[in-house]
Amino acid sequence: MTDQATRLRQMVGSEMNETPVLSTQQPAAWANVRVIAVTSGKGGVGKTNLVVNLAIALRQRGQRVLVIDADLGMANVGILLGTASRRNLLDLLQPEVNLDDVIVETPYGIQYISGGSGIEKAIEYDHAEKLLLQQKLADCAARADLIFVDTGAGLGRSVMDFILAADEVLLVTTPEPTSLTDAYAVMKAYSIYATQKNLHLIINRVYDTKESHEVAFKLRRAAEKFLHMSVDSLGYVYEDAAVTKAVRKQMPLLKAFPHAAAARCVDALAETLISG
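Residues numbered from 1 in each chain as written. Predicted model: local features only at pLDDT ≥ 70, side-chain atom pairs only at ≥ 80, totals over all residues. Heavy atoms only, no water.

Examining the overall build of the protein chain
Argument step 1. On a plain count of helices and strands, the protein chain comes out with 11 helices and eight strands.
Argument step 2. Taking all 276 residues of the protein chain together, 53% fall into the buried category.
Argument step 3. Across the protein chain, the fraction of contacts at a sequence separation of at least 24, relative to all contacts at a separation of at least 6, is 77%.
Argument step 4. For the protein chain, the exposed surface amounts to about 12400 Å²; the carbon and sulfur share of it is 49%. (Helix = DSSP H or I, 4+ residues; strand = E, 2+ residues; numbered from the N terminus. Buried < 20%, exposed > 50% of the residue type's maximum accessible area, 1.4 Å probe, protein only. Contact = heavy atoms within 4.5 Å. Areas by Shrake-Rupley, 256 points an atom, 1.4 Å probe, with all protein chains shown as cover.)

What follows is the structure, encoded as structure tokens:
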């Protein structure tokens, strides 16, 4: 199984064929940390909103949760939480900046690290800069039981690095044909490059249960038939006007409208993540 040092190397943009810059011995502090990458084939499917509310639902269940906003150039986690950060992930490359300087505490009990607008340039950094960043990120393990990595959409190199670095991947899609096509493209890339495959579907913005089941069935069947990969369906989230209202209030859905249909769906997804 890919160890945590290798995962951190991948998370900061190292080349897949690059010689590891750290020892492959797994740090004891990382042993109990669960790293989940949340991704999508295309933008606009509600991925970041889902990450934020899943984090809150898990915090309500006693989990210490940290969100790393790695949606490159589109860092919106802070906006959805109604908070702002003076520093971002890339500031860790400055020797005088430590993890405490970039982690933001929120009123909802979760922590997050802003990605900033230039994180996509991380793959251009030299060996020493990558080493510094991964050494500082390793300290996240002492602060969380679960780390969500909100990746960018699509199949960019940095997006794949984050996906391949995670213990498991949540692939968010909607019933729209273009979203399904792009989701399949992500599954195909993942099936090729992932050593240990652990991918789950979340069908967002559905109008009824039947629609969610049909979408999940199509993607799961395609994965089994053409990619020879088993894919689970974690669940679905209803199309709900309360989601838009919460965004306008700059509040998480679970706090603004905890009894909304979409909020109940997210809460159920969180329970499934915990219970399996």
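Comments concerning helix α11 (residues 261-275)
Each α-helix winds once per 3.6 residues, and so residues spaced three or four apart point in a common direction.
Argument step 1. Compared with an ideal rise of 1.5 Å per residue, which puts 15 residues at 21 Å, α11 spans 21 Å between its outermost C-alpha atoms and is within 8% of the ideal.
Argument step 2. Every buried residue of α11 is listed here: A262, A263, C265, V266, L269, A270 and L273. Buried residues of α11, viewed axially, fall in a sector of 160°; they line one side. Facing away from the buried surface of α11 by more than 90 degrees, the exposed residues are R264 and S275.
Argument step 3. Once α11 ends, the next one or two residues include G276, with phi positive near 85°. (Expected span 1.5 Å × (residues − 1). Arc of directions from axis to C-beta.)

Notes on the sheet that holds strand β5 (residues 146-153)
Argument step 1. Taking strand neighbours across the sheet as the criterion, the eight strands line up as β3-β4-β2-β5-β1-β6-β7-β8 in an open arrangement whose pairing is mixed. Taken across any chain shown, the strands that pair with only one partner, and hence form the sheet edges, are β3 (103-105) and β8 (232-238). Mean inter-strand twist for the sheet, computed between neighbouring axes without regard to direction, equals 25°.
Argument step 2. Pairing geometry for strand β1 (residues 34-40) and strand β6 (residues 168-173), over five bridges, is parallel. Considered in β6, the bridge of A37 is made with V169.
Argument step 3. Relative to the sheet, helix α6 (residues 157-165) contacts β1, β2 (65-70), β5 and β6, its axis offset from that of β5 by approximately 155°.
Argument step 4. Of the strands in this sheet, β1, β5, β6, β7 (199-206) and β8 are in contact with α11, which crosses β8 at around 160°. (Pairing = 2+ DSSP bridges. Axes fitted to C-alpha atoms, helices over the stretch in contact; angles between N-to-C directions.)

A closer look at the pairing of β5
Argument step 1. Counting buried residues in β5 gives seven out of eight residues, a clear majority hidden from the surface.
Argument step 2. With six bridges joining them, β2 and β5 adopt parallel strand pairing. Within β5, the residue paired with A70 across the bridge is T151.

Here we look at the environment of I68
Argument step 1. With respect to the secondary-structure elements, I68 resides in strand β2.
Argument step 2. For the pair I68 and A37, spaced 31 residues apart in sequence, the C-alpha to C-alpha distance is 9.5 Å.

Regarding the nonpolar core
It is characteristic of soluble globular proteins that their nonpolar side chains tend to be buried jointly.
Argument step 1. Counting 47 residues, the largest nonpolar core has I113, I147 and M187 as the members making the most contacts within it.
Argument step 2. For M187, the residues in contact, after removing those within four places along its chain, are L171, L199, L201, L219, A223, L227, M229 and V231.
Argument step 3. Membership of the second largest hydrophobic core comes to 40 residues, among which are I110, L234, L269 and A270. (Core = buried A, V, L, I, M, F, W, Y, C linked by side-chain atoms within 4.5 Å.)

Overview of the packing of aromatic side chains
Argument step 1. By the definition in use, this model includes one aromatic pair.
Argument step 2. Their ring planes at 70° and their centres at 5.4 Å tell us that Y236 and Y238 sit as a pair that is edge-to-face.
Argument step 3. Residue classification places Y236 among the partly exposed residues on the basis of a relative accessible area of 23%.
Argument step 4. Residue class for Y238 comes out partly exposed when judged on its relative accessible area of 24%. (Phe/Tyr/Trp six-rings, centres within 6.5 Å; stacked < 30°, edge-to-face > 60°.)

Some points on the pattern of salt bridges
Argument step 1. Under the defined criterion, the tally for this structure stands at seven salt bridges.
Argument step 2. Across the salt bridge formed by D267 and R61, the nearest N and O atoms sit 3.0 Å from each other. Of this pair, D267 sits in helix α11 while R61 is found in the loop between α2 (47-59) and β2, placing the two residues 206 residues apart along the sequence.
Argument step 3. For R61, a relative accessible area of 29% translates into the label partly exposed.
Argument step 4. Among the ionic pairs, D100 bridges to R143, the shortest N-O distance being 2.4 Å. Placement of the pair is D100 in helix α4 (residues 99-102) and R143 in the loop between α5 (127-137) and β5, with a sequence separation of 43 residues. (Salt bridge = Lys/Arg side-chain N within 4 Å of Asp/Glu carboxyl O.)

As for the pairing of β2
Argument step 1. Of all six residues in β2, six are buried; the element is thus mostly enclosed.
Argument step 2. Because side chains alternate across β2, one face comprises the buried residues V65, V67 and D69, and the other comprises L66, I68 and A70, equally buried.
Argument step 3. Taken together, the three bridges between β2 and strand β4 (residues 111-113) define a ladder with parallel strand orientation. Looking at β4, one finds that V67 is bridged to Y112.

Let's talk about the side chain of E168
Argument step 1. Inspection of the secondary structure assignment puts E168 in strand β6.
Argument step 2. With sequence-adjacent residues up to four places away left out, E168 is seen in contact with R34, V35, I36, A37, N198, H200 and L273.

Purely geometric numbers; function is a separate question.
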